[in-house]
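# A structural walkthrough
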Amino acid sequence: MSLIESLPRPRSVRLPRADGLIQWVVPLFMIAIWQLACVTGLVPARVLPAPSDVLLAAWKLLISGELVRNICVSFWRASSGFLIGGGIGFAFGLANGLSQLSSNLTDTTLQMVRNVPHLALIPLVILWFGIDESAKLFLVALGVFFPIYLNTLHGIRTVDPQLIEMGRIYGMSDGELFRRVILPGALPSIFVGIRFALGIMWLTLIVAETIAASSGLGYMAMQAREFMLIDIVVLSILIYALLGKLADSASRVLERLTLAWHPAFQQH
Amino acid sequence: MLATLQLLAEPVDRTDVAEETPLPHRADAGRGRSLPLIIRGLRKSFGDHEVLRGIDVHVPAGQFVAIVGRSGCGKSTLLRLIAGLEKIDAGSISFGEETRLEDVRVMFQEPRLLPWARVLSNVEVGLGRSRNLPDADARAEAALSEVGLADKRNQWPAVLSGGQKQRVALARALVSNPRILAFDEPLGALDALTRISMQRLLERVWRDEGFTAILVTHDVSEAVALADRVLVIEDGRISQDIEVDVPRPRQRGSADFAALEGSILRHLLGADERGDS
């Protein structure tokens, strides 16, 4: 926490409205260059379609309903995998952070499993589950488990012991101590875990859907590759980027709401 | 009563005003409820190192006692034992009667405020088990007024200055009307001017609330300015027990103080020289 506190405050003195827009200047500029390069024939359409073509492909897929259906499928996989894996990771993080017995019992095992790259399990997972939903859920859940577990554990272990002592001498029960001191103290670290996990969630899903799926964004991209529909391939990649950004923004909003007390989030 | 109402109507948040103005007593203020402190043959070791080697002292109810000594002399350990934060190896500490957790409060060198709770909720922590009663807010607000921070009730601790944080910590310690209040170098981390105004605040609060005060400090002049009695600890024993017979309100920088402070300092430094030779 002291490290976070020592960082410069993210809020600058610039006008807030300009602050909101300025982050989009570079992406828009890059898209403009891209469009220009395609229109002038600098980049052949076989290599990279123009942004306008990608938009057109998006429009067509939107009308046919295919795009929305695939996004929904992917989003559902991502979020349920995240909830399952994150929930279990959080529970283990709490248990091992609060109980030495639980930590002795499970931490070493979990650390060993952590060293297996979860994507290496794909062949095994396909053998176990086939290519249906449970395979994807399993992989996503396994992927998000570790960042959330590790950061929850770390957050709980690094809560200021002076505050815990204070809570004890002021007569807080175990439950109160957890609710009023330990959990809020661990929250900044838990959020770091959540943001790591969101990145891993998309990564895992993309790989899983690309290799073994019969629906979803990754499947859409692989189908398009089969038929040389490069605009749809690029579209899928862009949608992944957008969804990732969306998930990150959502976690930032949540952070702002729950960490309003933190010096880094205070508005002056 | 009229005077009380007028005082309540006045803003009391400014430091200078808050120190000097005797605030209206809270309805259930602890005057007359203070407890004596009786310590007999107290010993404490950490591993092979014996920190306290037989402390015997009787502090009458309502007295303001300062404990001074060089760093590592065991004064903070003594305070932690009094507060029940460490286990006693041998001997006993008693308060003359059964006490509840809320009767003995400690204020530390660090404010130890919950950064994620607003100032008022931080003060409510001090109510212990009665923090869920309907009058919790009112009691916490009264304690905040007592330290002159009523207008900061909805702030986050992060925006307060060091002195203000320490005043919130004082309000948290006071809110349960403790009968013994132990201070572990509560002003050690503050700048010189804030220290002096906090010393006045501590003295006023002690006068108003009438608890038994035990102040651990390495600052001899602070001890002499505030306490009725100064205990000097050396090598885990009380080596000097000095009455500070200066009437209150005390004038800082008077000759009486200088003489007393000088003699205690000479004693402490003398021990050092004896130790060296």
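The structure this text deals with has already been given above.
Residues numbered from 1 in each chain as written. Chains lettered and ligands numbered in written order. Predicted model: local features only at pLDDT ≥ 70, side-chain atom pairs only at ≥ 80, totals over all residues. Heavy atoms only, no water.

### Quick look at the sheet that holds strand β2 (residues 49-59) of chain B
All names here are of chain B. Applied cut-off: Strand pairing is defined by DSSP finding a minimum of two bridges between the two strands. Here a helix means four or more residues in a row that DSSP labels H or I, a strand means two or more in a row labelled E, and each is numbered from the N terminus. Each axis is a line fitted through C-alpha atoms, taken for helices only over the stretch in contact, and angles between the N-to-C directions span 0 to 180 degrees. Working rule for contacts: check all heavy atoms of both residues, and any pair within 4.5 Å makes them a contact.
In spatial order, the strands read β2-β1-β4; together these three strands make up an open sheet with antiparallel pairing. On the outer flanks of this sheet lie β2 and β4 (90-94), each paired with one strand and no other. Taking the axes of each pair of neighbouring strands and ignoring which way they run, one obtains an average angle of 20 degrees across the sheet. Note: strand β1 (residues 37-46) against β2, eight bridges, orientation antiparallel. Of the residues in β2, the one forming a bridge with Lys44 is Leu52. Its contacts with the sheet put helix α3 (residues 75-82) on β1, β2 and β4, and the angle it makes with β1 is roughly 120 degrees.

### Some points on the side chain of His118(A)
If you trace the backbone, His118(A) turns up in the loop between α6 (100-114) and α7 (122-129). If we ignore the near neighbours within four places in the chain, the residues touching His118(A) are Leu139(A), Leu142(A), Gly143(A), Ile200(A) and Thr204(A).

### Some thoughts on the interface of chain B and chain A
Counted only if it meets this: Throughout, buried area stands for the accessible area (probe radius 1.4 Å) lost by two parts on being put together, summed over both. The rule for a salt bridge is simple: a side-chain nitrogen of Lys or Arg has to be within 4 Å of a carboxyl oxygen of Asp or Glu.
At the junction of the two partners, chain B supplies 22 residues and chain A supplies 18 residues. Buried surface at the junction of chain B and chain A, both sides included, amounts to about 2000 Å², of which 62% is carbon and sulfur. On the chain B side of the contact with chain A, Arg112(B), Trp116(B) and Arg131(B) bury the most area, a combined 34% of that side's loss. Counting every contact that joins chain B to chain A gives three salt bridges.

### Overview of the layout of surface pockets
Residues and elements named next belong to chain A. The cut-off we apply is this: Cavity: a set of points on a 1 Å grid over the protein atoms alone where a 1.4 Å probe fits but cannot get out. Pocket: an open set with protein on both sides within 12 Å along at least five of seven lines, its lining residues, like those of a cavity, having an atom within 4 Å of a point. Grid points are joined across faces, edges and corners, and a volume is the space filled by probe spheres set on the points.
Taken as a whole, the second largest pocket spans an internal volume of roughly 610 Å³. What lines the second largest pocket is a set of 19 residues, among which Ile31, Trp34, Leu238, Ile239 and Leu242 lie closest to the centre. For the lining of the second largest pocket, the secondary-structure elements that each account for two or more residues are α3 (25-39), α4 (51-64), α5 (66-98) and α12 (230-258). The dominant element in the lining of the second largest pocket, judged by the number of residues it contributes, is α12, at six residues.

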